[in-house]
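These are the residues of each chain, in order.
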Amino acid sequence: MTAHDTALQASKSVKDRAAAQSSEMEAEQQAAVRSLANDLHRLNASVMKAVDAGISVELMRSARHHGGEGAWGDLLTPVIVR
């Protein structure tokens, strides 16, 4: 299985989970979840590309964003290990 195949399989899994979890959300929230799933797919593909180039990558939480109405999200930063 190539890195592209692995990324595609992971993308389907992320998109399937995102769709299932957002089925009862408002349209704006569903769009935000779809956008997040797409961005995560691109991030995962970039991580695999870096790993295939011989770089070890760890994603660590750098901060937590609070939306003011109880919603929050983790912000990430890469730690590169050679």
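Conventions and cut-offs
- Residues numbered from 1 in each chain as written.
- Predicted model: local features only at pLDDT ≥ 70, side-chain atom pairs only at ≥ 80, totals over all residues.
- Heavy atoms only, no water.
- Patch = residues over 30% accessible without salt bridge, like charges linked within 9 Å, V, L, I, M, F, W, Y side chains within 5 Å.
- Areas by Shrake-Rupley, 256 points an atom, 1.4 Å probe, with all protein chains shown as cover.
- Salt bridge = Lys/Arg side-chain N within 4 Å of Asp/Glu carboxyl O.
- Helix = DSSP H or I, 4+ residues; strand = E, 2+ residues; numbered from the N terminus.
- pLDDT = per-residue confidence, 0-100.
- Buried < 20%, exposed > 50% of the residue type's maximum accessible area, 1.4 Å probe, protein only.
- Expected span 1.5 Å × (residues − 1).
- Pairing = 2+ DSSP bridges.
- Contact = heavy atoms within 4.5 Å.

1. Digging into a nonpolar patch on the surface
Stage number 1. Where nonpolar side chains cluster on the molecular surface, the patch consists of Leu 36, Leu 40, Leu 43, Leu 59 and Leu 76 and spans about 400 Å² of accessible area.
Stage number 2. Of all the elements, helix H2 (residues 27–52) adds the most residues to the nonpolar patch, at 3 residues.
Stage number 3. One can find Leu 59 in strand E1 (residues 56–66).

2. Section: the confidence of the model for the protein
Stage number 1. Mean pLDDT over the protein: 86, with 85% of residues reaching 70 or higher.
Stage number 2. Within the protein, the lowest mean pLDDT, 67, falls on helix H1 (residues 3–21), and the highest, 97, falls on E1.

3. Some thoughts on the pattern of salt bridges
Stage number 1. Here the structure, examined in full by the defined rule, presents 3 salt bridges.
Stage number 2. A salt bridge links Asp 74 to Arg 61; the shortest N-O distance between them is 3.6 Å. Placement of the pair is Asp 74 in strand E2 (residues 72–81) and Arg 61 in strand E1, with a sequence separation of 13 residues.
Stage number 3. Asp 74 gets classed as partly exposed once you look at its relative accessible area, which sits at 38%.
Stage number 4. Classification of Arg 61 as exposed rests on a relative accessible area of 51%.
Stage number 5. Between Asp 74 and Arg 64 there is a salt bridge, with its nearest N and O atoms 2.7 Å apart. On the criterion of sequence distance, the pair formed by Asp 74 in strand E2 and Arg 64 in strand E1 is long-range, its members being 10 residues apart.

4. Concerning H2
Stage number 1. Here H2 spans 38 Å end to end across 26 residues, near enough to the 38 Å set by a 1.5 Å rise per residue.
Stage number 2. Gly 54 occupies a position one or two residues after H2 and carries a positive phi of about 95°.

5. Things to note about the pairing of E1
Stage number 1. Inspection of the sheet shows E1 paired to E2 by 10 bridges, in the antiparallel sense. When the bridges of E2 are listed, His 66 appears paired with Trp 72.
Stage number 2. Turn length for the E1-E2 hairpin, with the two strands adjacent in sequence and antiparallel, is 5 residues, and the turn residue Gly 68 shows positive phi of about 95°.

6. Regarding the environment of Val 79
Stage number 1. Looking at the element boundaries, Val 79 is found in strand E2.
Stage number 2. Of the residues examined, Val 79 reaches a relative accessible area of 28% and is grouped as partly exposed.
Stage number 3. Taking the C-alpha atoms as reference points, Val 79 and Leu 59, separated by 20 residues in sequence, lie 6.1 Å from one another.
Stage number 4. In this view, Val 79 contacts Ser 56, Val 57, Glu 58 and Met 60; residues no more than four positions away in its chain are not counted.

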